[in-house]
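One-letter residues, chain by chain:
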Amino acid sequence: MSEVVYEETATMIAAGELQSFVPFGREHCRNHPNAFNLQLRELQPASELWSSDGAAGLVGSLQEVSLQERDRECWQLRKGCRGVREEDVEFEEELYAAGNVVVWSQGSRTQASSVYKAFTVDSPVQQALWCNFAVPQNKKDEEEEEQTVCIVQSTCVNVHTVTGKDFISPLPFQVSDVWATKFGLLLERKNTVTDAQLSPPGEPLPTVFSMLHPLDEIAPVVFKPTGLFDGSRVQYASDSTMKIVFSCCQPSIVVSYDTVQGIHSVWALRKVTHDERSTVLRCPAEPVGTPLGLMASGFLTSHLRNISRLDSPGGSGTAGLGPGTGTSCPVGTGSPLHYSALHSHQSRIMTSSPGIHSRVHSPSISNMAALSRAHSPGMAAPSFSGVARFNTSFHSPSPRGHHGLLPSPNSTINETMLVPEMEPIIPDLCIEQLWSETVTAGCHREMSSQASKVFLTSDVCENCYLCFLVESHQQLRCVKFIESNDTSQLIFASVTSIPAKDAEPLQNIDAMLVLEACGSLVLYTGITRVSKVFVPGLLSPTFSMTNHLPHLSTPVENVSTPANAGSRHLQRLDEAVMPSPVSELRGPNIKHHEASFLEDYTFQQAMPYIHALRDPVCNRVTLELNSGTMLRISIPEIATSELVRKCLQAIRLILPKEAAMKVLVKWYNIYNAPGGPSAHAEWNLFVTCFMTLMGYNTERLTWTRNLHFEVPLSPVIAAKKARPSDGGSDEDWDYVLGSHYHRQMNFQPVCSPVDSSGSNNTLTTETESLSSASAPSSPSLKLDSSAPLFPHIPALFYVLHLLYQELQLDELQRARASSLVCLLQQLARDLQLDEYVDLYWRDYPALISSFTESFLIDQAQMQHPSFLRTEPPCVFSWLSSCLRGEESPPFPYLPGICQRTRLLVLSYALYITGDENATSTDVSKYLVKLSAGQKSCASEPHYRRQSSVKVKFSSESLAVQLVAWLTSEGFTLKDLESVPFGVALPIREAIYRCREQPCSDWSEEVCMLIGRQDLTRQAHKMTLAKSKASVGSGLSLEPPATTEADEEEDGMSDIIQEVTGLIWSQDLRVQEVRRLLQSSRPVRVSVVQLPEVSDHEYIEEKENKLLQLCQRTMALPVGRGLFTLFSYHPVPTEPLPVPKLNLTGRAPPRNTMVDLNSGNIDVPPNMTSWPSFHNGVAAGLKIAPASQVDSAWIAYNKPKSPELANEYAGFLMALGLNGHLTKLATLNIHDYLTKGHEMTSIGLLLGVSSAKLGTMDMSITRLLSIHIPALLPPTSTELDVPHNVQVAAVIGIGLVYQGTGHRHNAEVLLSEIGRPPGPEMEYCTDRESYSLAAGLALGMVCLGHGSNLIGMTDLNVPEQLYQYMVGGHRRAQAGANRERHKSPSYQIKEGDTINVDVTCPGATLALAMIYLKTNNRSIADWLKPPDTWFLLDFIKPEFLLLRTLARCIIMWDEILPNTEWVKSNIPQIMRGTFDPSEDINMETMAQAQDYITAGACMALGLRFAGSANSDAFDCLYEFARTFMKIMSFAGTAAVQTGYYNLQTGLSMILLAMSMVMSGTGNLKVLQLCRFFHKRTGGEMNYGFHMAHHMALGLLFLGGGRYTLSTSNSAIAALLCALYPHFPAHSTDNRYHLQALRHLAVLAAEPRLLVPVDVDSLKPCYALLEVTYKETKWYDETTVELMAPTMLPELHHLKRVKVKGPRYWELSIDLSKETQHLKSILSKDGVLYVKLRAGQLPYKDDPQGWKSLLASTVNHRNSGVRAFKPEAISTFTSEPTLVSFAELFCKTSEGMKHREDTLMLFSAMLYECVMQECPEMLPTYIAIEQAVGALSRSDLLQTFPLWQLRLVVELWDSRMLRSATNHHDALLTSEFLPVMKNMVDVALDSWLKENSSVLRSYMRGEALPKETQSVTLACFLVYRSIPCLRNTHTQLEGCRSLGDLLSRSSQLGIPLRDLLRLAPVLLGSVSGPRTLPGFPLQAF
């Protein structure tokens, strides 16, 4: 008994952080605007009302708050999912619901709570919960989680996602409860009384439903019980007695309660399998009684008989189902349905009004609501089925009608009939029974009530329990469960009951808090009782106990009553435990305990006590007191110190679970006792506790006894420790000695963490007398073998040793290792493991040599585990042997604890040993896992690694593999910083190698690890325009002196200034282009009034001049659209700004307005309609394809005024060209087309077709066919489609079917080229443009197919086209269109010959496009110009241009960029000398020559489009100059050719030039454009202006970011856009539809590469090296370009590389795949680059003279000397390097005498900057520090020498392996050899003096005195001499060196270290130099 009492009194822990708790939502709701109707101010908890002032207050508040409303308040807390900040872990979220309001708030210890979101809904909230829905991603099967809040109301569930989507899902029945699960929501249907009466026996309706996503259908859940009889039975969960009480996501389970049997069951929740689904859905053939037949007809009819019409609110719902469903009933006045409800209710749900008809329970979905969900993915049925399915609102609110269409209520159906058309609802989820309680007869007097709480918890040994609290029995039942291999299955083991009134789990400390019936709080871990919890300020009733009550025979055994409860209360107590007869009213989370025992006390007991627990988060929990107030407490953790925590983990890993549990519970109680130790003494407390548990008497050990001086022990522990001593002994004397003040001082550093430099040298002052005093070990120092941990000492020692090795690998933990080593050395001594003691002594020589005491251990009772080897595992020596290329046994590690060990051992195996399977299949070669209860280790020999497997891979790829593997293990740069410098060096080297030559497609994490932020940033998607905020802060070349207002309106302000400023940094050409292309300001009309001109005439003259100028203004938008292409991301809330087209002017002296509308001159009608269309296109083309545009925004831009309709039409076309029109809803497209506005139709048809380029999209085809009579069936009605719309539609067909070779369309288009004019006026005007369109469309459909047109041979396409081109007899119209063209036209007499003037252009271009780039000579010869004068006279000169163009682009590969080639296209007869006698028409000749030249130039332009080929440019420029010369002579030639023809040719050449130089902004072309811009008079018409400004637009395409492609599709688009016949005036569409000019956009592609500095995020210059693939014209060549630059077309390139030396190299290999570069270019071409240290950007230092390297050019050495540390900041952006230079490399007062150190630091800094590895600086410094300390001999631990040894070994292996390529090693400088030499000198000189010390060590004699001890240990470590205790006989007394070598061969001492030892071992005392013939310096 005493033991138990001891437990009760002694173990009590203190809870921390007591604070009162009020749900934040309650406060918020008080001030919430929607809360005025629910008077939440009065919502005090009921218990507060009692204690308020008397009855009056109570009555007053009760009048305002009905009980029902009070109950509605509920809240839940959870651990925050997304941190407010990254590091803010302690953070809670609260979801509070009251009335109609739900408040989601977040708060933490450090931050006050704040509202994250608040929701207000229409009706009172029944429940609010968090739920994660899985949203399937489109491509693969992966799913994305969507976090949501679900708010349940009586009629619907509102779902709000974190990303901002809202859904409303109507509920088809009344819901009693909703549960969040892994898959979505589970809904429990409310069971009503009528339900049971109505449904026939044996056919219950489903009660549990699932909703996988708010848009999915609510489907019943299938359940699969386990049982002897019905094992295979699968059915719907329709048992009305089953109530769900708990659901959980991980593992996915549901706990239910059977209300009849009183049993709890656990079910696994999973997706339904295919078989189960089919079983359940099978229509029942069996009799009605089977559980499968959900919907047998019997119950249908039985329902229908019982229900009269008026009862059903579904009456009007079903009425809409149409005929065949019985008579539909009109809704009478008595109907419970109000139509107004339908309209007013937000979610369109009809609510039945209970006032009129109280028996109706269920709201019914209206048809609309059901229909609106009919598009949900879960439904394949016809659209009405949704309604029919749930339109069953009879009394019972259940979804009847899974299989039958329900007729309206008053019709009857034949008994057996089932309506077959209905699809049933397919179930999604299945619950499978895993476990249920067993009911034993005598154990419970009554059936247990439903669990009021269920939760999962786990204990400290990682056992998992499912606990449920049964309040009626006041017990907590804990079921242990284990996950089996098949994760979906859980195996449930034993059940344990714990007496409890309430309980809550504490997740992160693996414990739970239990409130016992007596009111005391007890902490359990799993089912192990840990201790009571003492809440300060809240006296637990147990403290006022008199003593334990006598054991009553009632179940009140462990209920202790408060003292003032006399005997009269014992009866009462008895009742309290029994289920109270009063039914318990409980809200979701509020408990009203009606037990009388509690109520009595409310008045008698002044002390508040706890009556419930709630809301556990992490280790915090809320206590509900009887007074109604709530307190939040936190339960302390098991350990705060990292070291203690790790030790506990290790202990738990290795001990059997029971033992581990004992230790952990014991420790927890000691550590957290009230008034327990402060944190810094935690380790000392742990050592004491741990050693005591092992059986040590810590009082008897000097060092552990001294631990207690730091902190007063709490009385609890002190009482335990003090055992009566048996008489005085020597220890008492030690004790007295040890308690001196200096002793206290000495020992403080031992176990308080030693600072990392190891300055615990105070230890060395330990008094001599002391160690001698305790040397004779007295018999009392024996371990108590009955201690609980005694048998496990060796195993515990070994795991702690491995933990010690792990701590050695982490700089941040190494200080703790020195604390741990004190404990380890004691255990090693007592276990007599000398080699371990030796190892610890080598690590901490000064520390260990001061410990001498040891205990005796009775070895017989020990369990010696097999894994404990006599040779201690040392991770450093393992790594070192790996570096030396020796083999070593696999290294032991503890999974989960020694992660760093595992990582580094495998890294070395992979990178140094070169075994690339080390991290995958060969792990066991290098690592051996330890786990509890390992009895026998695998046999030794198999671990020998084959050294024959040498490096297969080149070391480059090993480095890559290592880096990739480390990343996958989650290793980051931060982790690398804490790896000791020697160990980290190989990893740093691998990283350095990868950094030099990275791959462009590495993941973001790898790039982070190798320190290439530029690549990381690249992997992180981001475009320049979106990052305007971050990018735009710096340089921007805003044009000066223009105000904001001017800026906006010209529509060109969105060009990214920073980039254009870098491309054209020398001049303001972009501003000039803006000036030339702006059309929004009035033009200047300067006309001088001559004396003889009257004022009226003068006004007319001004207006005529303005009209000329307006021809130009109206043509500008076409060019502007190309200039501002894709440069703007619209704001979704604002309409697109469209600059207005300004056609007014200002006359100079007085700036008077000149207007065309004054009526003085004739202005053509509709003059501005097409220009404003173009203006709309130009505005729309600004929108970048990457921006967010949706259907609503497009419609939102629709202008109100009708005169802007043309602009909007253009805007629509532009949206099609940039691909956004696909988002426009079909409804809207239809809407626009029905308006019949010609322009809108043209824009829309062309836009939609461009957006669907080459897709053969059926819906678009239908859309286009309506507008093309030829594509409609012959009998269809003649639609009156405007001619221009027909042209647009025909081109649309060409675009949609581009390159598909679609036979039917090709046939139709072929005949349409020669469509004859119709009898009336149809098809008679503008026939040329229609024929041309048909030809272009035909060319596009068969684009580039050449002669292999599949299945079209019978059409004879080329021959037919040839005939259209040269003329001849018209063929009979074939096929469907014969009827159409029966009667000839009455207007146009063509006869039966083909009208070549109409058909030739279309046919020529069709041939050109079909045979594009095919080099088909026979077709090309058809297109040759005739070679006799006679034939030449028959061809229009401009057709010659087309033929030449066509012929050249068919013979694509023969186009050469020189004048000879151009001239070779002119027929021979024109080139020779003319015989004057011949009658030559000079005019014909001149025109033909000019047009042929223009055609050839045009072809040249297409061939080299976007290439900026200088030869092509020079050639074209020459021709342009020639033409201009001819024009400027008003001589014969100009007159002969005619001004118009010359101007046409010149325009074509100008366009060709701007195609070649597209996007480059070439100045010469710009000058030409500007020259033509100024020419406005004479023959310069609208069309020529359009051509010149298009040339200007192409030249600056997309503000210099885009250029032209030469793909087939692009060439086709350019042929449409640049067709050489330009309109004569602004309404001219006769030869070519103006809208097609904009198709040039389809040929644009982004090829500008903009380097952006990753540190400043600003665009910058960088040198690129571009390698071309070889072609037949040139070999593989490499050119250097200064980016930002246009790249050539990607298919010409082999690789693009950012070249050094300024920036880190980065190579993108295009021979493998171009996708990566394409995606970079499409995202504004942003290529992130990183400046190398020591370099300046090109902008600041164009020549490279200021760089750090510049000074070192003259000779090697001056570099370091000339290096001024002050200047460092200009060369590197690394802040660490800058501040290092600032603090350590400048001479300051304190540093005067340390000039050499300064020099050294400067040299290091220089080296780091030069080598580009600033991260090596700490390594350099660490090496220097270590060497310095050694030579001054003030080292206290040998750790730095271990690291030095690793560094030297790595260096050696690199030097030996490859003496040639030093460049990739990190430490290439002279620094390391110097340091190495200093170490050798220091150690050798020590050896000279102290060889005797070494000898005595090697003989195994006692360790030397402190001063010698440290250096000896350093020597042994650095010289890698193994522990020679057991081998000393071998090496002593060798006669010769050979003898020594042979003996030492098995010890593995490296040769050069052995030579240092040789003099000592061979007995020569004189010193290391005397060995003949061995110059030691060689080693």
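Source: prediction; values computed, not measured.

Let's shift gears to the pattern of salt bridges. Evaluation of the coordinates by the stated rule reveals 45 salt bridges. For the salt bridge of D838 with R842, the shortest nitrogen-to-oxygen distance reads 3.1 Å. Separated by four residues within a single helix, D838 and R842 lie in helix 25 (residues 834-843), roughly one turn from each other. Taken as a pair, D838 and R842 share a single burial class, namely buried. Its salt-bridge partner being R1315, residue E1312 comes within 3.7 Å of it at the nearest N-O pair. Classification of R1315 as buried rests on a relative accessible area of 7%. One connected set of salt bridges, linked through shared partners, spans K224, R270, E276 and E432.

Another aspect to go through is the side chain of Q813. Within the element layout of this structure, Q813 appears in the loop between helix 23 (793-808) and helix 24 (814-830). Apart from the residues within four sequence positions on either side, Q813 is in contact with E642, K646 and L807.

Next up on the list: helix 42 (residues 1205-1217). Relative to the 18 Å expected for 13 residues at 1.5 Å per residue, helix 42 spans 19 Å between its end C-alpha atoms, a close match to the ideal helical length. Most of helix 42 sits out of view: 13 of its 13 residues are buried. A positive backbone phi angle near 85 degrees is found at G1219, which sits one or two residues after helix 42.

Relative to strand 12 (residues 185-189), strand 11 (residues 175-180) is paired through five bridges, and the arrangement is antiparallel. Bridge assignment links D177 to a residue of strand 12, and that residue is E188. What sits between strand 11 and strand 12 in their antiparallel hairpin is a turn of four residues, with G184 showing a positive phi close to 155 degrees.

With that out of the way, let us pick up unusual backbone geometry. Negative phi is the rule for most residues except glycine; trans is the rule for most peptide bonds. Here Q250 and P251 are connected by a cis peptide whose omega angle stands at -5 degrees. Secondary-structure assignment places P251 in the loop between strand 17 (242-248) and strand 18 (253-258). Note that the residue after A1683, namely P1684, is joined by a cis bond; omega there is 5 degrees. Relative to the elements of secondary structure, P1684 occurs in the loop between strand 43 (1678-1683) and strand 44 (1685-1686). The backbone of K1413 shows a phi angle near 60 degrees, a positive value even though the residue is not glycine. Considering the arrangement of structural elements, one finds K1413 in the loop between helix 50 (1396-1410) and helix 51 (1417-1422). Relative accessible area serves as the criterion here: at 26%, K1413 is assigned to the partly exposed category.

The subject of this paragraph is the packing of aromatic side chains. For the structure shown, the criterion picks out 37 aromatic pairs. Just above the ring of F1839 sits the side chain of R814; from NZ or CZ to the centre is 3.6 Å. Here R1732 stacks its cationic end above the ring of W1704, 4.2 Å away from the centre of that ring.

A few words now on helix 65 (residues 1775-1784). Given 3.6 residues to a turn, an α-helix orients residues that are three or four positions apart in the same direction. Taken together, the buried positions of helix 65 are occupied by L1777, F1780 and A1781. The buried residues of helix 65 occupy an angular sector of 95 degrees when the element is viewed end-on, so they sit on one face. Across helix 65 from its buried face, at more than 90 degrees, point the exposed residues P1775 and L1783. Buried residues belonging to helix 65 abut helix 66 (1795-1811) and helix 67 (1817-1831).

Side chains V208 and S210 project from strand 13 (residues 208-211) onto one buried face, and the interleaved F209 and M211 project onto a second face that is buried too. Bridge analysis of strand 12 against strand 13 gives four bridges, and the strand direction is antiparallel. Residue pairing across strands places L185 opposite M211, the latter belonging to strand 13. Pairing analysis gives two bridges linking strand 13 to strand 14 (residues 219-220), with the strands arranged antiparallel.

Moving on, we get to the confidence of the model for the protein chain. Residues at a pLDDT of 70 or more form 72% of the protein chain, whose mean pLDDT is 75. Counting contacts from residues 35-71, a segment whose pLDDT is below 50, to residues more than four positions away or on other chains yields 32 contacts. Per-residue pLDDT stays below 50 along residues 933-954; that stretch engages in 25 contacts with residues further than four places along the chain or on separate chains.

Mapped onto the elements of the fold, L1407 is located in helix 50. Each C-alpha atom, one on L1407 and one on L1423, is 9.4 Å from the other, the two residues being 16 residues apart in sequence. With sequence-adjacent residues up to four places away left out, L1407 is seen in contact with P1358, L1361, M1365, I1419, W1422, L1423 and I1450.

Calculation criteria
Residues numbered from 1 in each chain as written. Predicted model: local features only at pLDDT ≥ 70, side-chain atom pairs only at ≥ 80, totals over all residues. Heavy atoms only, no water. Salt bridge = Lys/Arg side-chain N within 4 Å of Asp/Glu carboxyl O. Helix = DSSP H or I, 4+ residues; strand = E, 2+ residues; numbered from the N terminus. Buried < 20%, exposed > 50% of the residue type's maximum accessible area, 1.4 Å probe, protein only. Contact = heavy atoms within 4.5 Å. Expected span 1.5 Å × (residues − 1). Pairing = 2+ DSSP bridges. Phe/Tyr/Trp six-rings, centres within 6.5 Å; stacked < 30°, edge-to-face > 60°. Lys NZ or Arg CZ within 6 Å of the ring centre and 35° of its normal. Arc of directions from axis to C-beta. pLDDT = per-residue confidence, 0-100.

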